[in-house]
Amino acid sequence: METVKKQPLLSGILILFLAGMVFANIGGSMYDGLLPLYLKELNADITDIGLFFTLSSVVPLLLQILGGWVSDSLGRLKAIAIGSVFGTLAYLPLLLADTWQWLLLATAIGAVARSLVGPSFDAFIAEHSTEQNRGKVYGISQAIFMIVMVVGPPLGGLLTSAYGFKLMLFIAGVFYFIAMLIRLGMAREAAKTAKSNTEKLTFQNLKSNFGAMAGLIFSGGLITWMLITDGLRDVSFQFSGNLFPVYMQEVGGLDYQQIGWVTSMFGIFMMLSTIPGGWLSDKTGERVPIALGMVLLSGALFILINIPQGVTYQWWYYVGWAVAGLGAGISGPAYQSLISKAVPKEQRGLAFGLFSTSLGVVSLPAPWIGSQLWENFGPSFPFTITAIVILLSVIPIWLKFKLPKDDSSTLPVSEDLEKEKVTVGAD
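Residues numbered from 1 in each chain as written. Predicted model: local features only at pLDDT ≥ 70, side-chain atom pairs only at ≥ 80, totals over all residues. Heavy atoms only, no water.

A. Representation of the overall build of the protein. In terms of regular secondary structure, the protein is built from 21 helices and zero strands. Counting the 427 residues in the protein, one finds 53% classified as buried. Expressed as a percentage of contacts within the protein between residues at least 6 apart in sequence, the contacts between residues at least 24 apart total 87%. With the model as given, the accessible surface of the protein reaches about 18,500 Å², and the carbon-plus-sulfur share is 68%. (Helix = DSSP H or I, 4+ residues; strand = E, 2+ residues; numbered from the N terminus. Buried < 20%, exposed > 50% of the residue type's maximum accessible area, 1.4 Å probe, protein only. Contact = heavy atoms within 4.5 Å. Areas by Shrake-Rupley, 256 points an atom, 1.4 Å probe, with all protein chains shown as cover.)

Rendered as structure tokens:
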């Protein structure tokens, strides 16, 4: 009797792909949570910080969907390699800035990288899984990926406390440079072995892809409701998300290192919950873990903004961020799985570009508005709005986040793997 060898959930190429992502995002997570405090050190006040994150949203708004289209046309690995070059260059203005305004240049260059890498990351994982195990693959991938949130923030906080922002940013840049080398190597090997089936970047091709996506957006179906719900949550997150490090420092009394460890708690609990979240998605359907995740995220914010002041109560920040990590981990794989199943395979990059940006036209002024709410109604007010909107989003999620029963948009993994096959040694 012939024995059929069971294929592992993560292929060799996917493991190498995730290794590059881990190195790149350890660098990013080292400074991302501390960026508002870096702005403060460069003489920005609360209103300036809100204005900064509003202005820094302009370039991603223009590029995110285009980046997804480039990924669909040129291939995932090539788009990621190009984006990584821009990501490395973004560290130069971060290191050399002597006023907070110069950091806008860093975010603009970094936006080019994120617009190419972000949609390609989610689409690449979808193409190396099947519909039956996609939630599990996303869950395992995110669990590995969340190493960055466990290692990066405390390392960034430790280096910043001991040596200042400049040295910390230099070390972060070294991590990203290593990732760029890995990604360039993967793209080079893919170009040698893959069949020549990439599309040209033409206006006609762009028009065709956008037309097909527009049909899904305005159909009134699943994609429409996902975008509406996503847009409402994005606006609410933009009110407060970038102000939370300042909140923890000024209201909670935490220092750089403590903020790093608190943020790491989010990563630890997200890592612990992504695999169960992916399993739940495959077993029950995507709306159950997505709705549960939103309830936990809302609850986490209510915990965090109701912590009494004083050193005695600082441990509650760890509890709040742990609950937030559980919410993000449980909902993340299901959300990505649902998007990948709801759109045709050849438009996944465009779709993930559309969904992965939280910088739509409506949410563009939200960081500045959030800073005004802080100044005029108190530090906790913008976070309260965010928590309420996230909780209310559970209603459309439960009612509308359902795939058509005859959905068959995704090809089997064996057909998808031919597009970007690459040699990865023994694996």
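Past the structure itself, the notes keep going.
B. Spotlight on the nonpolar core. Membership of the largest hydrophobic core comes to 100 residues, with the highest contact counts inside it found for Phe-17 and Leu-103. Contacts of Phe-17, omitting those with residues within four sequence positions, involve Leu-77, Ile-80, Ser-120, Phe-121, Phe-124, Ile-125 and Met-186. Core analysis: the next-biggest nonpolar cluster, separate from the first, contains seven residues, Trp-69, Ala-79, Val-112 and Leu-116 among them. (Core = buried A, V, L, I, M, F, W, Y, C linked by side-chain atoms within 4.5 Å.)

C. Structural view of the side chain of Gln-336. Structurally, the position occupied by Gln-336 is in helix 16 (residues 315–342). By relative accessible area, Gln-336 is classed as buried at 11%. The contacts of Gln-336, once residues within four sequence positions are left out, are Phe-121, Asp-122, Tyr-138, Gln-142 and Phe-352.

D. Spatial organisation of helix 8 (residues 134–145). The terminal C-alpha atoms of helix 8, which comprises 12 residues, lie 16 Å apart, in line with the 16 Å expected from a rise of 1.5 Å per residue. Counting buried residues in helix 8 gives 10 out of 12 residues, a clear majority hidden from the surface. All of the buried residues in helix 8 are Arg-134, Gly-135, Val-137, Tyr-138, Gly-139, Ile-140, Ser-141, Gln-142, Ala-143 and Phe-145. (Expected span 1.5 Å × (residues − 1).)

E. Expanded view of the packing of helix 9 (residues 147–163) against helix 14 (residues 256–284). For the pair helix 9 and helix 14, interaxial distance at closest approach is 7 Å and the crossing angle is 175°. As judged from the angle between their axes, helix 9 and helix 14 are roughly antiparallel. Contact residues: helix 9 offers Ile-147, Met-149, Val-150, Pro-153, Pro-154, Gly-157, Leu-158, Thr-160 and Ser-161, while helix 14 offers Tyr-256, Gln-257, Gly-260, Trp-261, Thr-263, Ser-264, Phe-266, Gly-267, Ile-268 and Met-271. Counted by class, the contact of helix 9 with helix 14 contains 11 nonpolar, eight polar and no charged residues. (Axes fitted to C-alpha atoms, helices over the stretch in contact; angles between N-to-C directions. Parallel < 35°, antiparallel > 145°, perpendicular 65-115°, else oblique. Nonpolar A, V, L, I, M, F, W, Y, C, P; charged D, E, K, R; others polar.)

F. Representation of the packing of aromatic side chains in the model. According to the stated counting rule, one finds 19 aromatic pairs in the structure shown. Pairing Tyr-247 with Phe-383 gives two aromatic rings, centres 5.1 Å apart and planes at 65°, and the pair type is edge-to-face. Placement of the pair is Tyr-247 in helix 13 (residues 244–250) and Phe-383 in helix 19 (residues 381–392), with a sequence separation of 136 residues. Neither residue differs from the other here; Tyr-247 and Phe-383 are each classed as buried. Aromatic rings pair up to connect Phe-244, Tyr-247, Phe-266, Trp-321, Trp-374 and Phe-383 into one cluster. Between Arg-183 and the ring centre of Tyr-176, over which it is positioned, the NZ or CZ distance is 5.8 Å. (Phe/Tyr/Trp six-rings, centres within 6.5 Å; stacked < 30°, edge-to-face > 60°. Lys NZ or Arg CZ within 6 Å of the ring centre and 35° of its normal.)

G. Spotlight on the packing of helix 1 (residues 12–32) against helix 9. Where helix 1 contacts helix 9, the axes come no closer than 7 Å and their chain directions differ by 40°. By the angle class used here, helix 1 and helix 9 are oblique. Where helix 1 crosses over helix 9, the handedness of that crossing is right-handed. Where helix 1 approaches helix 9, its residues Met-21, Val-22, Asn-25, Ile-26, Ser-29 and Met-30 are matched on the opposing element by Ile-147, Val-148, Met-149, Val-151, Gly-152, Pro-153, Leu-155, Gly-156 and Leu-159. Per-class residue counts for the contact of helix 1 with helix 9 are 11 nonpolar, four polar and no charged. (Left-handed = near helix turned anticlockwise from the far one by under 90°.)

H. Structural context of the environment of Glu-375. The topology assignment puts Glu-375 in helix 18 (residues 366–377). Using a relative accessible area of 46% as the deciding quantity, one classes Glu-375 as partly exposed. Separated by 328 residues in the primary sequence, Glu-375 and Thr-47 have C-alpha atoms spaced 8.0 Å apart. If near-sequence neighbours (up to four positions away) are discounted, Glu-375 is found in contact with Ile-46 and Thr-47.

I. Local environment of a nonpolar patch on the surface. A cluster of nonpolar side chains, contributed by Val-295, Phe-302, Ile-388, Leu-391, Leu-392, Ile-395, Trp-398 and Leu-399, occupies part of the molecular surface with about 740 Å² of accessible area. Of all the secondary structure elements, the ones that give two or more residues to the nonpolar patch are helix 15 (287–304), helix 19 and helix 20 (394–400). Relative to the helices and strands, Ile-388 is located in helix 19. Given the relative accessible area of 40%, Ile-388 is considered partly exposed. (Patch = residues over 30% accessible without salt bridge, like charges linked within 9 Å, V, L, I, M, F, W, Y side chains within 5 Å. Salt bridge = Lys/Arg side-chain N within 4 Å of Asp/Glu carboxyl O.)

J. View of helix 7 (residues 103–127). Compared with an ideal rise of 1.5 Å per residue, which puts 25 residues at 36 Å, helix 7 spans 36 Å between its outermost C-alpha atoms and is within 8% of the ideal. At Arg-114, helix 7 shows its largest bend, some 30°. For helix 7, the tally of buried residues reaches 19 of 25 residues, placing the bulk of the element in the interior. (Bend = angle between axes of the 7 residues up to and from the residue.)

K. Looking closely at unusual backbone geometry. In the Ramachandran plot, Asn-43 falls in the positive-phi region, its phi being about 75° despite a non-glycine side chain. Relative to the elements of secondary structure, Asn-43 occurs in the loop between helix 2 (35–41) and helix 3 (46–55). With relative accessibility at 68%, the residue Asn-43 sits in the exposed group.

L. Local environment of the environment of Glu-189. Mapped onto the fold, Glu-189 is located in helix 10 (residues 165–193). The class for Glu-189 is partly exposed, based on a relative accessible area of 28%. Considering only alpha carbons, one finds Glu-189 and Leu-77, 112 residues apart in sequence, at a separation of 9.8 Å.

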